[in-house]
Amino acid sequence: MLSSIGLLFFIPLLDYSFKGVISMIVICNGLLCHGSKYLDLPYQRKIMIYDVVCNVIMGLIVIFTTKIPIFTTFVFTISIYNFTLNKIRYNSNSLFHVMGIQFPLSIGLSLYQL
(Lines give C-alpha, C1' and ligand atoms only; values in the text may rest on other atoms or scores of the structure.)
Protein backbone atom coordinates (compact mmCIF):
# COMPACT_ATOMS: atom_id res chain seq x y z
CA MET A 1 0.00 0.00 0.00
CA LEU A 2 3.05 2.25 0.33
CA SER A 3 3.17 2.61 -3.44
CA SER A 4 -0.12 4.51 -3.34
CA ILE A 5 1.52 7.29 -1.27
CA GLY A 6 2.77 8.82 -4.52
CA LEU A 7 -0.82 9.56 -5.50
CA LEU A 8 -0.57 12.47 -3.06
CA PHE A 9 1.62 14.21 -5.66
CA PHE A 10 -1.47 14.55 -7.88
CA ILE A 11 -3.80 16.12 -5.28
CA PRO A 12 -2.47 19.70 -5.73
CA LEU A 13 -3.23 19.38 -9.46
CA LEU A 14 -6.97 18.84 -8.90
CA ASP A 15 -9.05 21.65 -10.34
CA TYR A 16 -11.68 22.19 -13.01
CA SER A 17 -9.25 22.01 -15.93
CA PHE A 18 -8.22 19.16 -18.21
CA LYS A 19 -5.18 18.69 -15.97
CA GLY A 20 -7.52 18.27 -12.98
CA VAL A 21 -9.58 15.64 -14.80
CA ILE A 22 -6.43 13.65 -15.60
CA SER A 23 -5.29 13.96 -11.98
CA MET A 24 -8.64 12.69 -10.71
CA ILE A 25 -8.52 9.70 -13.07
CA VAL A 26 -4.95 8.92 -11.99
CA ILE A 27 -5.91 9.10 -8.31
CA CYS A 28 -9.06 6.95 -8.68
CA ASN A 29 -7.38 4.34 -10.87
CA GLY A 30 -4.33 4.27 -8.60
CA LEU A 31 -6.45 3.73 -5.51
CA LEU A 32 -8.29 0.90 -7.26
CA CYS A 33 -5.07 -0.67 -8.51
CA HIS A 34 -3.04 -0.39 -5.31
CA GLY A 35 -6.03 -1.15 -3.10
CA SER A 36 -6.85 -4.35 -5.01
CA LYS A 37 -3.21 -5.41 -4.73
CA TYR A 38 -3.16 -4.66 -1.00
CA LEU A 39 -6.40 -6.61 -0.45
CA ASP A 40 -5.10 -9.42 -2.70
CA LEU A 41 -8.28 -9.44 -4.77
CA PRO A 42 -8.53 -12.11 -7.49
CA TYR A 43 -8.96 -9.50 -10.25
CA GLN A 44 -6.05 -7.27 -9.21
CA ARG A 45 -4.08 -8.06 -12.38
CA LYS A 46 -6.97 -6.91 -14.59
CA ILE A 47 -7.24 -3.65 -12.62
CA MET A 48 -3.47 -3.13 -12.90
CA ILE A 49 -3.63 -3.63 -16.69
CA TYR A 50 -6.58 -1.20 -16.90
CA ASP A 51 -4.61 1.35 -14.82
CA VAL A 52 -1.51 1.03 -17.01
CA VAL A 53 -3.52 1.32 -20.25
CA CYS A 54 -5.36 4.41 -18.94
CA ASN A 55 -2.07 6.00 -17.87
CA VAL A 56 -0.48 5.35 -21.26
CA ILE A 57 -3.49 6.80 -23.10
CA MET A 58 -3.56 9.89 -20.87
CA GLY A 59 0.21 10.25 -21.22
CA LEU A 60 -0.06 10.20 -25.00
CA ILE A 61 -2.89 12.74 -24.93
CA VAL A 62 -0.76 15.04 -22.77
CA ILE A 63 2.27 14.60 -25.05
CA PHE A 64 0.27 15.44 -28.19
CA THR A 65 -1.58 18.44 -26.71
CA THR A 66 1.03 20.15 -24.53
CA LYS A 67 3.03 23.25 -25.40
CA ILE A 68 6.22 21.50 -24.19
CA PRO A 69 6.14 18.08 -25.92
CA ILE A 70 9.89 17.39 -25.71
CA PHE A 71 10.01 17.64 -21.90
CA THR A 72 6.75 15.74 -21.49
CA THR A 73 7.93 12.97 -23.83
CA PHE A 74 11.20 12.71 -21.89
CA VAL A 75 9.38 12.41 -18.53
CA PHE A 76 6.90 9.90 -19.94
CA THR A 77 9.69 7.78 -21.46
CA ILE A 78 11.68 7.78 -18.21
CA SER A 79 8.57 6.74 -16.28
CA ILE A 80 7.83 3.87 -18.68
CA TYR A 81 11.45 2.71 -18.41
CA ASN A 82 11.28 2.91 -14.61
CA PHE A 83 7.96 1.04 -14.55
CA THR A 84 9.41 -1.78 -16.66
CA LEU A 85 12.63 -1.88 -14.64
CA ASN A 86 10.69 -1.92 -11.36
CA LYS A 87 8.47 -4.80 -12.50
CA ILE A 88 11.30 -6.91 -13.93
CA ARG A 89 14.25 -6.16 -11.64
CA TYR A 90 12.88 -4.95 -8.31
CA ASN A 91 9.59 -6.89 -8.03
CA SER A 92 7.48 -3.71 -7.78
CA ASN A 93 9.45 -1.90 -5.07
CA SER A 94 7.18 0.72 -3.47
CA LEU A 95 9.81 3.44 -3.03
CA PHE A 96 11.02 3.02 -6.60
CA HIS A 97 7.41 3.19 -7.82
CA VAL A 98 6.74 6.42 -5.93
CA MET A 99 10.00 8.21 -6.76
CA GLY A 100 10.68 6.76 -10.21
CA ILE A 101 7.19 6.72 -11.71
CA GLN A 102 4.58 8.71 -9.79
CA PHE A 103 6.79 11.68 -8.89
CA PRO A 104 8.15 12.30 -12.42
CA LEU A 105 4.68 11.91 -13.95
CA SER A 106 3.22 14.38 -11.46
CA ILE A 107 5.97 16.89 -12.35
CA GLY A 108 5.26 16.41 -16.06
CA LEU A 109 1.54 16.90 -15.50
CA SER A 110 2.09 19.94 -13.28
CA LEU A 111 3.90 21.67 -16.15
CA TYR A 112 1.20 20.70 -18.64
CA GLN A 113 -0.21 23.61 -20.64
CA LEU A 114 -2.81 23.46 -23.39
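Residues numbered from 1 in each chain as written. Predicted model: local features only at pLDDT ≥ 70, side-chain atom pairs only at ≥ 80, totals over all residues. Heavy atoms only, no water.

1. Here's the deal with the packing of helix α1 (residues 18-38) against helix α4 (residues 94-110)
Each pair of packed helices can be summarised by the angle the axes make with each other and by the distance between the axes. We apply this condition: Angular values range over 0 to 180 degrees, each being the angle between N-to-C directions of two axes fitted as lines to C-alpha atoms, with helices fitted over their stretch in contact. Each helix is a run of DSSP H or I of at least 4 residues and each strand a run of E of at least 2, with the numbering of both proceeding from the N terminus. Roughly parallel means an angle under 35 degrees; roughly antiparallel, over 145; roughly perpendicular, 65 to 115; everything else is oblique. In this scheme, a crossing is called left-handed if the near helix is turned counterclockwise away from the far one by less than a right angle; it is called right-handed if the turn is clockwise. Note on contacts: a residue pair qualifies if any of its non-hydrogen atoms lie within 4.5 Å across the two residues.
In the contact formed by α1 and α4, the axes pass within 11 Å of each other and the chain directions differ by 160 degrees. Accordingly, the angle class assigned to the pair α1 and α4 is roughly antiparallel. The two elements α1 and α4 meet at a crossing, and its hand is right-handed. In contact with Lys-19, Ile-22, Ser-23 and His-34 of α1, α4 contributes His-97, Gln-102, Leu-109 and Ser-110.

2. Some words on the packing of helix α2 (residues 44-65) against helix α3 (residues 69-88)
Counted only if it meets this: Under the scheme applied, nonpolar residues are Ala, Val, Leu, Ile, Met, Phe, Trp, Tyr, Cys and Pro; charged residues are Asp, Glu, Lys and Arg; polar residues are all the others, including Gly.
Between α2 and α3, the least distance of the axes is 9 Å, while the angle of their chain directions is 160 degrees. Relative to α3, α2 is oriented roughly antiparallel. Between α2 and α3 lies a crossing of left-handed hand. Contact residues: α2 offers Met-48, Val-52, Asn-55, Val-56, Gly-59, Leu-60, Val-62 and Ile-63, while α3 offers Pro-69, Thr-72, Thr-73, Phe-76, Phe-83 and Lys-87. Of the residues belonging to the contact of α2 with α3, the class tally is nine nonpolar, four polar and one charged.

3. Looking at a nonpolar patch on the surface
Worth spelling out the cut-off: A patch consists of residues whose relative accessible area exceeds 30% and which take part in no salt bridge; residues with like charges are grouped when within 9 Å of each other, and nonpolar side chains (Val, Leu, Ile, Met, Phe, Trp, Tyr) when within 5 Å. Surface exposure here means Shrake-Rupley accessible area, sampled with a 1.4 Å probe, where a residue is shielded only by the protein chains that are shown. Salt bridge criterion: a side-chain nitrogen from Lys or Arg within 4 Å of a carboxyl oxygen from Asp or Glu.
Taken together, the side chains of Phe-9, Ile-68, Phe-71, Leu-95, Met-99, Phe-103, Ile-107 and Leu-111 present a nonpolar region at the surface, about 650 Å² in accessible area. For the nonpolar patch, the leading source of residues is α4, giving four residues.

4. Here's the deal with the layout of surface pockets
Spelled out, the test is: Here a cavity denotes grid points, spaced 1 Å and computed from the protein atoms alone, that fit a 1.4 Å probe unable to get out, and a pocket denotes an open set having protein on both sides within 12 Å along at least 5 of 7 lines; residues with an atom within 4 Å of a point are the lining. Grid points are joined across faces, edges and corners, and a volume is the space filled by probe spheres set on the points.
The computed volume of the largest pocket comes to approximately 870 Å³. Considering the residues around the largest pocket, the lining is formed by 40 residues, among which Asp-51, Asn-55, Phe-83, His-97 and Ile-101 are closest to the centre. For the lining of the largest pocket, the secondary-structure elements that each account for two or more residues are α1, α2, α3 and α4. If you tally residues by element for the lining of the largest pocket, the top one is α2, at ten residues. Class assignment of the residues belonging to the lining of the largest pocket gives a composition of 20 nonpolar, 16 polar and four charged.

5. Brief notes about the packing of aromatic side chains
Inclusion rule: Only the six-membered ring of Trp is used, alongside the rings of Phe and Tyr, when aromatic pairs are assigned; centres must lie within 6.5 Å, and planes under 30 degrees apart are stacked while those over 60 apart are edge-to-face, with the rest tilted.
In this structure the tally under the stated criterion is three aromatic pairs. A centroid spacing of 6.1 Å and a plane angle of 45 degrees characterise the contact between Phe-18 and Tyr-112, whose relative ring orientation is tilted. Highlighted residues: Phe-18 in helix α1 and Tyr-112 in the segment after α4, separated in sequence by 94 residues.

Keep in mind these values describe shape, not function.
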